[in-house]
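Topology and contacts: notes
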Amino acid sequence: PNKTLLALARQEHPAILWDLDVGRMLTDLPAKFSGSLALAFSPDGQRLASADADTAIRIYEASTGAIRATVNDLLLETFAITFSADSKNLYAGGADKTISVIDASTGKVVSSFPKQSFVVGDLRRTPDGKALVALYFDEKSFRNPVPALVWDIAGQSIQTTFSEPGVTPNGSGFSKNGHVLITNTSGSQLQIWPVR
C-alpha cells in the first residue's frame, strides 16, 4: 500500500519480496511446496499473507519477510486471500467452498461464512470494508457459469448475487468509491455491475 514493496508469486517457486526503493530482492518467502497461489498486503502495509500450495497460509512482517503466524487449520488449497479494512483479519477462500476469517496476529480461524456449492477463486473487499465480493468456479468445468456473490461482512450473509448465463467471472476489482464492481471473464469481456 505504501508503494515501496512488491510481492511476486512465481508458479512452482517460492514467492519473493522486492524493495522498490532500492530495486533489489529482500527475500524468498519460505513456502514449503510448489510456491504460493495468492498474496495480499494488509491495508496498513505491516503484513503480507501468502496462500501456499501446501495448504498453509503464512503471515509475514511485510518489511522484512519474517514469518509472524501460520494457518494450518485449512485442509484444502486456498486460492484467494484479502485483508479486512482494519488489517486485523484475513479472509481466505478456496477448494473447501467457504470463506474463513483468520485473526491476522495469531493465525487462528475465528469463523467461517456459509459454505457454497462452488470453489472460491477470487476475493475482493470493498473500499469501505463492509462487503466482500467472492468469485467462484465450478471444479468440474471452468466453462460452467457460476454466480459472483457480494457478502455482508458483519452478518456473513449474501448481500447481492451477480449472475449472467454463459459468463464465468475470473477476476474483479472495485471502483474507488466502492459503488461499482468490475469483473473480467473467461470470455475476454469486462463487465460492470452496480453494487449500490
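Everything that follows concerns the structure shown earlier in this document.
Structure report, in brief. (Residues numbered from 1 in each chain as written. Predicted model: local features only at pLDDT ≥ 70, side-chain atom pairs only at ≥ 80, totals over all residues. Heavy atoms only, no water.)

**Some thoughts on the overall build of the chain**
To keep things clear, this is the line we draw: Helix and strand definitions here come from DSSP, where helices need a minimum of 4 consecutive H or I residues and strands a minimum of 2 consecutive E residues; each element is numbered from the N-terminal end. It is over C-alpha atoms that the radius of gyration is taken, and the globule rule equals 2.2 Å times the number of residues to the power 0.38. Three exposure classes are used, based on accessible area relative to the maximum for each residue type with a 1.4 Å probe and protein chains only: buried under 20%, partly exposed in between, and exposed over 50%. Accessibility throughout is a Shrake-Rupley quantity obtained with a 1.4 Å probe, and a residue counts as covered only by protein chains that appear here. By the counting rule applied here, Lys and Arg register as positive and Asp and Glu as negative, while His and the ends of each chain are not counted. Just so you know, the charge point we use is NZ for Lys, CZ for Arg, CG for Asp and CD for Glu.
Of regular secondary structure, the chain possesses 0 helices and 18 strands. The globule rule puts the C-alpha radius of gyration for 196 residues at 16 Å, and the 16 Å found for the chain is close to it. Each principal axis of the C-alpha distribution contributes one length, and for the chain these read about 45 × 35 × 35 Å. Of all 196 residues assigned to the chain, the portion counted as buried reaches 43%. Total accessible area on the chain is roughly 9,800 Å²; 52% of this is exposed by carbon and sulfur atoms. Considering the chain, the positive charge centre built from 18 side chains and the negative charge centre built from 19 side chains are found 2 Å apart.

**Describing the sheet that holds strand β8 (residues 78–83)**
What links the strands of a sheet is backbone hydrogen bonding, and the strands pair in either a parallel or an antiparallel sense. So the rule is basically this: Criterion used throughout: strands pair if DSSP finds at least two bridges between them. Working convention: axes come from line fits to C-alpha atoms, limited for helices to the stretch in contact. Angles between N-to-C directions cover 0 to 180 degrees.
Spatially, the 4 strands line up as an open sheet ordered β8-β9-β10-β11, and their pairing is antiparallel. Edge positions in the open sheet fall to β8 and β11 (109–112), since each of these has one partner strand only. Across this sheet, the average inter-strand angle for adjacent strands is 25°, counted without regard to direction. With 5 bridges connecting them, strand β9 (residues 89–94) and strand β10 (residues 99–103) associate as antiparallel partners. Following the sheet pairing, Leu90 is matched in β10 by Ile102.

**Examining the pairing of strand β3 (residues 24–28)**
Pairing of strand β2 (residues 16–19) with β3 involves 4 bridges; the strand directions are antiparallel. Across the sheet, Ile16 pairs through a bridge with Asp28, a residue of β3. Connecting β2 to the next strand, β3, in antiparallel fashion are 4 residues, including Gly23 with a positive phi near 70°.

**As for the pattern of salt bridges**
Close approach of charged atoms allows side chains of opposite charge to pair. We count it as follows: Salt-bridge detection follows one rule: a side-chain nitrogen of Lys or Arg within 4 Å of a carboxyl oxygen of Asp or Glu.
Overall, the coordinates contain 5 salt bridges when judged by the stated rule. Where Arg68 meets Glu61, a salt bridge forms, and the shortest distance between an N and an O atom there is 2.5 Å. Classification of Glu61 by relative accessible area gives partly exposed; the value is 25%. Measuring nitrogen to oxygen at the nearest pair gives 3.3 Å for the salt bridge that ties Asp122 to Arg124.

**Here's the deal with the packing of aromatic side chains**
Let me state the cut-off plainly: In this analysis, rings of Phe, Tyr and Trp, with Trp reduced to its six-membered ring, are considered paired at centre separations within 6.5 Å, and the interplanar angle assigns stacked below 30 degrees, edge-to-face beyond 60, and tilted for intermediate values.
The tally for this structure, following the rule as stated, stands at 3 aromatic pairs. Arranged with centres 6.4 Å apart and planes meeting at 80°, the rings of Tyr91 and Phe113 form a pair that is edge-to-face. Here Tyr91, found in strand β9, pairs with Phe113, found in the loop between β11 and β12 (119–125); they are 22 residues apart in sequence, far enough to count as distant. Pair check on accessibility: Tyr91 and Phe113 agree, each one buried. When the ring of Phe113 is compared with that of Trp151, the centres are 5.3 Å apart and the planes differ by 75°; the resulting orientation is edge-to-face. Of the two residues, Phe113 sits in the loop between β11 and β12 while Trp151 sits in strand β14 (residues 148–152), which places them 38 residues apart along the sequence. The two residues Phe113 and Trp151 agree in class, both being buried.

**Regarding the side chain of Asp138**
This is how the line gets drawn: We define a polar contact as two N or O atoms separated by no more than 3.5 Å, with the added condition that, inside protein, one atom must be a possible hydrogen donor and the other a possible acceptor, whereas residues neighbouring each other in sequence contribute only through side-chain atom pairs.
Assignment of secondary structure puts Asp138 in the loop between β13 (131–137) and β14. Summary of buried charges: Asp138 has no salt-bridge partner, and the nearest side chain of opposite charge, Lys140, is 4.8 Å away. A polar contact of 2.9 Å, which involves the side chain of Asp138, links it to the backbone nitrogen of Lys140.

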